[in-house]
Amino acid sequence: MRRGLLFVALASICIAVGLAPIYTSAAETKVIKIGAVNSLTGFMAAGESPSDPGMKIAADWINDKGGVTVKGVKYKVQLVTEDPKSSAEGMAAACIKLVEKEKVKFILGGVNPMMNIAASSVTEPANVLRMASYTVGNPDEINAKFPLTFFTNANMQAARPLLTWLKETYPQVKTLAFPHPGEGGGLDSRRKNIEPIANKLGFTVVFSEEFPGDMVDYTAYVKKGLATNPDAWVFTDGWSYMVAAQIKVLRRQGFKGPILSIDPAIVSEVLQLAGPELAEGYASASWEMFSSDMKPVFKKEFVARALKGGHSNAWMAWGFNDLWATVQAIESAQSLDPVAVAKHLRSMKKVETLWGPAVMGGQATFGIQSCLCPPQAIFVAKKGKPEFVKWVQTDVP
Amino acid sequence: MVSQVIGQIVNVLMTSSIYIMVALGFALVFSVMRIMNFAHGAIYMIGGFVCYYFSVSMDLGPWVALPLTTCVMALFGVFIEKFCFRPFRRDFEKATVMAIALVTILKTGADLTVGPLAKGMPPLVAGSINIGPIAFGADRLVVLFIVCLLLTALIILVRRTQIGQAMLAIAHDPEAASLMGININRVSSLVCAMGCGLAGLAGGLVGSVLVLHVSVADSILVRTIGVIILSGIGSIGGIWAGGLAMGALDTLGPYFLPFVMSDPFEFALVVLILIIKPQGFFGHEL
């Protein structure tokens, strides 16, 4: 009897000790809900929908590593996704739902300037930190009135390094054509932010005109640009299909000069759309899903997981970086208070991205340091494949 | 100066051929069935992706993919005539609402199945044609040739064949045509099949010259309606004039104005022409 009681006591102690970590872990592992606004339908879906799986891949990776740790407490990331349906009203509605119903304090995503402005009109008053994927540099989109809004990519960030590369590689190029897509009021900011960089490097901008975003045939537009005799055609923005459509016209019109994109219209995508012959020599400061020259974290954590999940769209990287940057800021600030995290993020010397460490920028250009400027890789289309040239550090003064 | 003028004429012809190609199917459906098929742009876009599937994914090449696409889209036309338009044949408003609903369904369906990324197709004919200082893609010449062929064939069909006479009769008075023994359902199915087939063919042809993207549905529809208005509502033979006018506006307007002003200017001119000559260049021919 006594032995039996002793055995039961010992067993109880062992069970209690064995279960303690689980109990403690269960008590200490919480959930942090993070909102995501990516258009899955409508005209912005091309740019935003890939961010959705990208964010999910990042969330799985972060959770597999143990989640986010703030003051000794571990938090698993739980993404809550809403589709703003490519409209400003849709974006506002999506953010309102995330803030009021889901009570999120952090929201990711946003590419279109009108939609970004609509999002900020909801998130800023609600003290919600938003990590948007992209800014065209519209001053209504990024300014000191939006201290809780950050951007992991900016339209003009690759202008200086890419134009410097152009000057070194094609010293005969003196005049540039800058086609600008007419979306979201970015024309003035592109002219204000990018053209002075070109002028400083010794280039003369001979053509700088907007084209409608819904243009069917670019022939007339391209011919107008070519009449100014540019030595190089440099896209300051635009989706890959716009770039490819213009390349087709340019080459068939006999233009032989270099064609580049400051905005990351990915080389492999443009190759697929325009064809290897016409896209030969096209260069962009961007990234490639299957290049061996990408960083280890890109290849091992992003690409491997993406392929496992059946995804292969390179634009998922934006979504991945949005979440990863946010989590880094939270952990570095050791706080879940968006205002404290925002303040701390601004002072961070570097924030890791899939392309390497990003530096903060934007103070001189926008009056607030809200841009994360990552390195980018210059790729050139050579014989039907994207060829790596070199890594460059982007910047927004 | 002369070469510039010739170059602009060539540009106008190239751009116009695309608009005429797309507008043909729309004009046919509207002329005979009196249905403003706002889904025409979406059908054109879907046709482009169907052609891409046959040409690239199944590796059949463009010259096999194009007739296959035309057939597939024609069958689709039969389907939408029977289930979407036939119930509302006598009701213009309801047919219009149905067409708008179709647009939403087709575009969202394309977004979710094809995906939002653009697709590129290999050209029908590679290479450029250079005549002095003027250069243009050889595939655009092919599009121009096919457009001329189709326009001619359609005009002959409508004016010289029995089925064409049946279409004319239905367009003028469907009830009288029915009393004369014309099978309205069968002719309407054929018209819709031809309209959708032409839209699909246009999507495949233009997709190989330009780039395929879901958003082309809206931009091409706006211009198609402009072509129809200019040529005259009810006119098929006049499509060439409306297409040329729209192509000229699209090509020359931006040359003299900033591009962002060219669209509003173009359509302001269309409205002006509508006010001065409401029946368009050729009025009610069909």
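None of the values given here were measured: they were computed from a predicted structure. (Residues numbered from 1 in each chain as written. Chains lettered and ligands numbered in written order. Predicted model: local features only at pLDDT ≥ 70, side-chain atom pairs only at ≥ 80, totals over all residues.)

1. What about the overall build of chain B?
What counts is decided by this rule: Runs of H or I in DSSP of at least four residues are treated as helices and runs of E of at least two as strands, each being numbered from the N terminus. Radius of gyration here uses only the C-alpha atoms, and the compact-globule reference equals 2.2 Å multiplied by the residue count raised to the power 0.38. Residue pairs qualify as contacts under a 7 Å threshold applied to their C-beta atoms, which are placed from the backbone.
Within chain B one finds 11 helices and 2 strands. Order of helices (α) and strands (β) in chain B, N terminus to C terminus: α-α-α-α-β-β-α-α-α-α-α-α-α. Against the compact-globule benchmark of 19 Å for 286 residues, chain B has a radius of gyration of 19 Å, which places it among compact chains. In terms of its C-alpha atoms, chain B occupies a principal-axis envelope of roughly 60 × 50 × 35 Å. A separation threshold of at least 6 residues defines the contact pool for chain B, and within that pool the share at least 24 residues apart is 76%.

2. Examining the sheet that holds strand S11 (residues 283-286) of chain A
Residue and element names in this part refer to chain A. Cut-off, in case you're wondering: Paired strands, in this sense, are two strands between which DSSP finds at least two bridges. Angular values range over 0 to 180 degrees, each being the angle between N-to-C directions of two axes fitted as lines to C-alpha atoms, with helices fitted over their stretch in contact.
Read from one edge to the other, the open sheet built from 7 strands follows the order S8-S7-S9-S10-S11-S15-S16, with strand pairing classed as mixed. Only two strands of the sheet have a single partner each, and these edge strands are strand S8 (204-212) and strand S16 (385-393). Taking each pair of neighbouring strands and ignoring which way they run, the sheet shows an average axis angle of 20°. Strand direction decides the pairing type here: S11 and strand S15 (residues 375-382), joined by 4 bridges, are antiparallel. Looking at S15, one finds that Ser284 is bridged to Phe379. The strands touched by helix H9 (residues 240-252) are strand S7 (175-182), strand S9 (232-235) and strand S10 (259-261); relative to S10, the strand with the most contacts, the crossing angle is about 170°.

3. Concerning the confidence of the model for chain A
The following threshold applies: pLDDT measures the predictor's confidence residue by residue and takes values from 0 up to 100.
For chain A, per-residue confidence averages 90 on the pLDDT scale, and 92% of positions sit at 70 or higher. When the criterion is pLDDT under 50, residues 16-27 of chain A qualifies, and its contacts beyond four places in sequence or with other chains add up to 0 contacts.

4. Some remarks on the packing of helix H3 (residues 62-85) of chain B against helix H8 (residues 184-209) of chain B
All names here are of chain B. Our working definition: Any angle between 65 and 115 degrees counts as roughly perpendicular, while under 35 counts as roughly parallel, over 145 as roughly antiparallel, and the rest as oblique. Here a crossing is taken to be left-handed if its near helix is turned anticlockwise relative to the far helix by less than a right angle, and right-handed if that turn runs clockwise. Each residue is assigned to one of three groups, with Ala, Val, Leu, Ile, Met, Phe, Trp, Tyr, Cys and Pro labelled nonpolar, Asp, Glu, Lys and Arg labelled charged, and all others, Gly among them, labelled polar.
Running from N to C, H3 and H8 point in directions that differ by 140°, and their axes come no closer than 6 Å. It follows from the interaxial angle that H3 and H8 lie oblique. In the packing of H3 onto H8, the handedness of the crossing is right-handed. Residues belonging to the contact of H3 with H8 are distributed by class as follows: 17 nonpolar, 10 polar and 2 charged.

5. Section: helix H3 (residues 51-64) of chain A
Residue and element names in this part refer to chain A. Rules: Helix span is expected to be 1.5 Å times the residue number reduced by one. Neighbour density around each residue's C-beta defines its exposure: 20 or more other C-beta atoms within 10 Å make it buried, 12 or fewer make it exposed, and counts between make it partly exposed, where C-beta atoms are placed from the backbone.
Taking 1.5 Å of rise per residue, 14 residues should cover 20 Å, and H3 covers 20 Å from first to last C-alpha, within 8% of that figure. Most of H3 is tucked away, with 10 of its 14 residues classed as buried. Burial in H3 covers these residues: Ser51, Asp52, Pro53, Gly54, Met55, Lys56, Ile57, Ala58, Ala59 and Ile62. Of the residues flanking the end of H3, it is Gly66, one or two places downstream, whose phi is positive at about 115°.

6. What to know about helix H2 (residues 40-57) of chain B
Here H2(B) contains 18 residues, and its C-alpha end-to-end distance of 24 Å stays within 8% of the 26 Å for a straight helix at 1.5 Å per residue. Among the 18 residues of H2(B), 15 are classified as buried, and the element is accordingly described as predominantly covered.

7. Observations concerning the domain arrangement of chain A
Residues and elements named next belong to chain A. Note the threshold: Each domain's extent is set by a domain assignment, obtained either automatically or from a database.
Domain annotation for chain A reports domain 1 (29-154 + 294-373) and domain 2 (159-291 + 379-393). Measuring from the centre of the C-alpha atoms in domain 1 to the corresponding centre in domain 2 gives 28 Å. With 16 residues of domain 1 at the interface, the matching set in domain 2 holds 13 residues. Looking at the side of domain 1 that touches domain 2, the elements with two or more residues in it are helix H2 (45-48) and helix H5 (113-123). For the side of domain 1 that touches domain 2, the class distribution of residues is 10 nonpolar, 6 polar and no charged.

8. What to know about the domain arrangement of chain B
Interfaces are often sized by the amount of accessible area the parts lose when they come together. All names here are of chain B. Split by domain assignment, chain B resolves into domain 1 (24-214) and domain 2 (215-286). The C-alpha-based centres of domain 1 and domain 2 are spaced at 19 Å. Taken together, the contact pairs 21 residues of domain 1 with 15 residues of domain 2. Going through the elements one at a time, helix H1 (2-33), H2, helix H5 (138-160) and helix H6 (162-172) are the ones with two or more residues in the side of domain 1 that touches domain 2. The greatest single-element share of the side of domain 1 that touches domain 2, amounting to 6 residues, is contributed by H1. Class assignment for the residues of the side of domain 1 that touches domain 2 results in 16 nonpolar, 4 polar and 1 charged.

9. Digging into the nonpolar core
Where we set the bar: For this analysis, nonpolar core means a set of buried Ala, Val, Leu, Ile, Met, Phe, Trp, Tyr and Cys residues linked through C-beta atoms within 7 Å.
Of all hydrophobic cores here, the largest spans 212 residues; its most connected members are A:Ile247, A:Val270, A:Phe320, B:Met21, B:Ala23 and B:Val191. The element that contributes the greatest number of residues to this core is H1(B), accounting for 15 residues. If we skip the residues at most four places from it in the chain, B:Met21 touches B:Val143, B:Val147, B:Ala202, B:Leu205 and B:Val206.

10. Some remarks on unusual backbone geometry
Look at A:Gln334: it is not a glycine, yet its phi comes out positive at around 50°. Among the secondary structure elements, A:Gln334 is positioned in the loop between helix H13 (316-333) and helix H14 (338-347). The partly exposed category is assigned to A:Gln334, around which 13 C-beta atoms lie within 10 Å. In this model, B:Arg34 sits at a positive phi of 55°, which is unusual for a non-glycine residue. Within the secondary structure, B:Arg34 sits in the loop between H1 and H2. Judged by the 16 C-beta atoms lying within 10 Å of it, B:Arg34 is partly exposed.

11. Re the confidence of the model for chain B
Residues and elements named next belong to chain B. Residues of chain B with pLDDT of at least 70 account for 95%, and the chain-wide mean is 84. Looking over chain B, one finds the lowest element-wise mean pLDDT in strand S2 (residues 134-137), namely 74, and the highest in H3, namely 94. The complex model carries a pTM of 0.80, and its ipTM stands at 0.70.

12. With respect to the environment of A:Met44
In this fold, A:Met44 is placed in the loop between strand S1 (29-37) and H2. Those residues in contact with A:Met44, other than ones at most four positions away along the chain, are A:Ser39, A:Ser86, A:Val111, A:Asn112 and A:Met115.

13. Considering the pairing of S15(A)
All names here are of chain A. Summarising burial for S15: 6 of the 8 residues are buried, a large majority. The sheet contact formed by S15 and S16 spans 8 bridges and is antiparallel. Bridge assignment links Lys382 to a residue of S16, and that residue is Lys385.

14. Topic: the interface of chain B and chain A
Each partner contributes residues to the interface: chain B has 32 residues there, and chain A has 29 residues. Those elements giving two or more residues to the side of chain B that touches chain A turn out to be H1, helix H4 (92-113), S2, helix H9 (216-231), helix H10 (239-256) and helix H11 (259-276) of chain B. By residue number, the principal contributor to the side of chain B that touches chain A is H9(B), which donates 5 residues. Looking at side-chain class alone, the side of chain B that touches chain A contains 17 nonpolar, 10 polar and 5 charged residues.

15. A short note on the pairing of S7(A)
Residues and elements named next belong to chain A. Counted residue by residue, S7 has 6 buried out of 8 residues, so it is predominantly covered. Examined bridge by bridge, S7 and S8 share 8 bridges and lie parallel to one another. Across the sheet, the residue bridging to Pro179 is Glu209, located in S8. Across 2 bridges, S7 lies against S9 in parallel orientation. In the strand pairing of S9, Ala177 is matched with Trp233.

16. Focus on the packing of H5(B) against H8(B)
All names here are of chain B. Interhelical geometry of H5 versus H8 gives an angle of 160° and a closest axis separation of 9 Å. By the angle between their directions, the pair H5 and H8 is classed as roughly antiparallel. In this structure, H5 meets H8 at a crossing whose hand is left-handed. Contacts from Asp139, Arg140, Val143 and Ile146 in H5 reach Leu205, Ser208 and Val209 in H8. Class assignment of the residues belonging to the contact of H5 with H8 gives a composition of 4 nonpolar, 1 polar and 2 charged.

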